[in-house]
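# Observations on the three-dimensional arrangement
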Amino acid sequence: GKRIPARIELLSFSKFARGTKVLGCVREVAPEYAVVSLPTMLTGFVRREDGGPPLTDVLPGVNSVMAFWVASTETEQVGRKAAARGGVMQPSRKRRIELSPYPAQVNSGLRLDDYLRGGSGAGGDGPMV
């Protein structure tokens, strides 16, 4: 039969929907926020929950790899900057990926059967990327 080659999609900002689970590398941790390196040179941010413990008590140290849950993605216009060619002023946009490290979200959809059978564990609650 005809063999279909494997298809691997590039992970881009638009692929990060709410509920997506992703592995990231903790780059910086402060009591109120954390910065996380994501695949394809994207950056995610974790904010301390209202009344929650400091993120320095929640997250492992810098350079640790762990799973995160995408809480939201936002694109906002932040001003104008000169384009590379011609110097024409173009709108400048800032994209932000908000993440959650909390097990209730990261592990949602997982079942004991997934571990016992060696399953994917996606549970239909969002793709793991």
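A few points on the structure. (Residues numbered from 1 in each chain as written. Predicted model: local features only at pLDDT ≥ 70, side-chain atom pairs only at ≥ 80, totals over all residues. Heavy atoms only, no water.)

The number of helices and strands found in the chain is three helices and five strands. When the helices and strands of the chain are read in sequence order from the N terminus, they spell out β-β-β-α-β-β-α-α. The burial tally for the chain puts 27% of its 129 residues in the buried class. For the chain, restricting intrachain contacts to residue pairs at least 6 apart in sequence, the fraction spanning at least 24 positions comes to 58%. Only carbon and sulfur atoms are counted for the fraction: they give 53% of the accessible area of the chain, which is about 8,800 Å². (Helix = DSSP H or I, 4+ residues; strand = E, 2+ residues; numbered from the N terminus. Buried < 20%, exposed > 50% of the residue type's maximum accessible area, 1.4 Å probe, protein only. Contact = heavy atoms within 4.5 Å. Areas by Shrake-Rupley, 256 points an atom, 1.4 Å probe, with all protein chains shown as cover.)

Here we come to the pattern of salt bridges. Tallying each qualifying case throughout the model produces three salt bridges. Across the pair Glu-98 and Arg-47 runs a salt bridge, and its minimum N-O distance is 3.2 Å. Of this pair, Glu-98 sits in strand β5 (residues 89-100) while Arg-47 is found in strand β3 (residues 42-47), placing the two residues 51 residues apart along the sequence. The class for Arg-47 is partly exposed, based on a relative accessible area of 49%. (Salt bridge = Lys/Arg side-chain N within 4 Å of Asp/Glu carboxyl O.)

This part takes up unusual backbone geometry. Residues other than glycine seldom take positive phi values, yet Met-41 does so here, at roughly 60 degrees. When you line up the elements, Met-41 lands in the loop between β2 (33-38) and β3. For Met-41, a relative accessible area of 81% gives the class exposed. At Asn-63, a position not held by glycine, the phi torsion is positive, near 75 degrees. Its place among the elements puts Asn-63 in the loop between α1 (55-58) and β4 (65-82).

This part is about the packing of aromatic side chains. Taken as a whole and assessed by the stated rule, the structure comprises zero aromatic pairs. Above the ring of Phe-45, the side-chain terminus of Arg-96 is found at 4.2 Å from the ring centroid. (Phe/Tyr/Trp six-rings, centres within 6.5 Å; stacked < 30°, edge-to-face > 60°. Lys NZ or Arg CZ within 6 Å of the ring centre and 35° of its normal.)

Another point: the environment of Phe-68. Mapped onto the elements of the fold, Phe-68 is located in strand β4. You can call Phe-68 buried: its relative accessible area is 0%. Counting along the chain gives 37 residues from Phe-68 to Gln-105, while the straight-line C-alpha distance between them is 8.3 Å. Setting aside anything within four residues of it in sequence, one finds Phe-68 in contact with Thr-20, Lys-21, Val-22, Gly-24, Val-26, Val-36, Val-46, Leu-59, Leu-99, Ser-100, Pro-101 and Val-106.

Here β3 shows one buried face, formed by Leu-42, Gly-44 and Val-46, and one open face, formed by Thr-43, Phe-45 and Arg-47. In this structure, β2 lies alongside β3, joined through six bridges in antiparallel fashion. Each residue of the ladder has a partner; that of Ala-34, found in β3, is Val-46. Hairpin connection between β2 and β3: a loop of three residues separates the two successive antiparallel strands, and Thr-40 in this loop has a positive phi of roughly 55 degrees. (Pairing = 2+ DSSP bridges.)

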